[in-house]
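Residue-level structural notes
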Amino acid sequence: MTGRVEGKVAFITGAGRGQGRAHAVRLASEGADIIAVDVCEPIEGVPFDLASEEDLAETADLVKAHDRRVVTAKVDVRDLDGLGKAVQTGVEQFGRLDIVAANAGIATGGTSLEDMDVTTWQDMIDVNMTGVWHTAKVAIPHIVAGGRGGSIVLTSSVGGIKSYPFCGHYVTAKHGVVGIMKTLAIELAQHKIRVNSVHPTQVNTAMIMNEATYGMFRPDLENPGPDDFAPISQMMNTLPVPWVEPEDISNAVLFLASEESRYITGVQLPVDAGACLK
């Protein structure tokens, strides 16, 4: 089956690499043109390198390799005006907007809520929850104006369904994404706009695969690496895998963006190797 989103336009945040890049490439491979944005600079306190402008340009090249059009912008999801301008530019060039993948997010952790500093808390809420609301807010008027309906997919987490210690700000933000999703699903149903969330387990991207994560899960080792982290990570899943790939999440995003899910809205879809069963 090909052309599952043929002729449609998708707006994707955090598209410079990782899951966002995978979403852009997967949707492009099925016929969508892409509006791709990323912060393309460090955020203080985030213990891994975020995407660069070169990464975002590489995403654009990968989209073009599927003979699809792409518009990119360097913008922080905390910047409502910047997001709005990026979407407006894309819609002016492509003439429509049909799909949103609110994917951008950060991960910090290793501290109890009692001991967490205010900046760490606020940055997480601002990026992972308010940034998702910003993304939907700037996109909705364009989808409504098209009169064709559409699909909005918000990236939450297994941590948006269950809780984990020492990352309460992340768990709170990802639960908040579910609240945004369920509210929008009701509010936008009259416009035939469906809203759902995806809930990944650990994904093989820089957000998880970094020294800070390895050290948090293997404090017993001096310089732990991915092979040391893998057995601990696998224990969090039911299926015998330590993590999933970005493309596994992209396949779920594609399904929710396509007409195959035309009557699915307000749903939390885990792509979690069974993590929610534990």
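These numbers come from a predicted model, not from an experiment. (Residues numbered from 1 in each chain as written. Predicted model: local features only at pLDDT ≥ 70, side-chain atom pairs only at ≥ 80, totals over all residues. Heavy atoms only, no water.)

1. Brief notes about the domain arrangement of the protein
- One can read the domain layout of the protein as domain 1 (9-205 + 246-270) and domain 2 (209-242).
- Computed over C-alpha atoms, the centres of domain 1 and domain 2 are 26 Å apart.
- If you look at the interface, domain 1 gives 10 residues, while domain 2 gives 9 residues.
- Taken over both partners, the interface formed by domain 1 and domain 2 buries close to 650 Å², and the fraction arising from carbon and sulfur atoms is 56%. (Domains from an automatic or database assignment. Contact = heavy atoms within 4.5 Å. Buried area = accessible area lost by both parts, 1.4 Å probe.)

2. Some points on the environment of Phe11
- One can find Phe11 in strand E1 (residues 9-13).
- The exposure class of Phe11 is buried, given its relative accessible area of 0%.
- Along the chain, Phe11 and His191 lie 180 residues apart, while their C-alpha atoms are 18 Å from each other.
- In contact with Phe11, not counting residues within four places along its chain, are Ile35, Val37, Leu83, Val87, Leu97, Ile99, Val100, Ala101, Thr135, Val138 and Ala139. (Helix = DSSP H or I, 4+ residues; strand = E, 2+ residues; numbered from the N terminus. Buried < 20%, exposed > 50% of the residue type's maximum accessible area, 1.4 Å probe, protein only.)

3. Some points on the sheet that holds E1
- The parallel open sheet is built from 7 strands, whose spatial order is E3-E2-E1-E4-E5-E6-E7. Whereas interior strands pair on both sides, the edge strands pair on one side only; in this sheet they are strand E3 (70-74) and strand E7 (268-271). Going across the sheet, the axis of each strand differs from the next one's by a mean of 15°, ignoring polarity.
- Taken together, the 5 bridges between E1 and strand E2 (residues 33-38) define a ladder with parallel strand orientation. Note on E2: the bridge partner recorded for Ile12 is Ala36.
- Each of strand E5 (150-155), strand E6 (193-200) and E7 is contacted by helix H5 (residues 168-188), which is oriented at about 160° to E6, the strand it contacts most.
- Running at roughly 165° to E6, helix H8 (residues 246-257) makes contact with strand E4 (99-102), E5, E6 and E7 of the sheet. (Pairing = 2+ DSSP bridges. Axes fitted to C-alpha atoms, helices over the stretch in contact; angles between N-to-C directions.)

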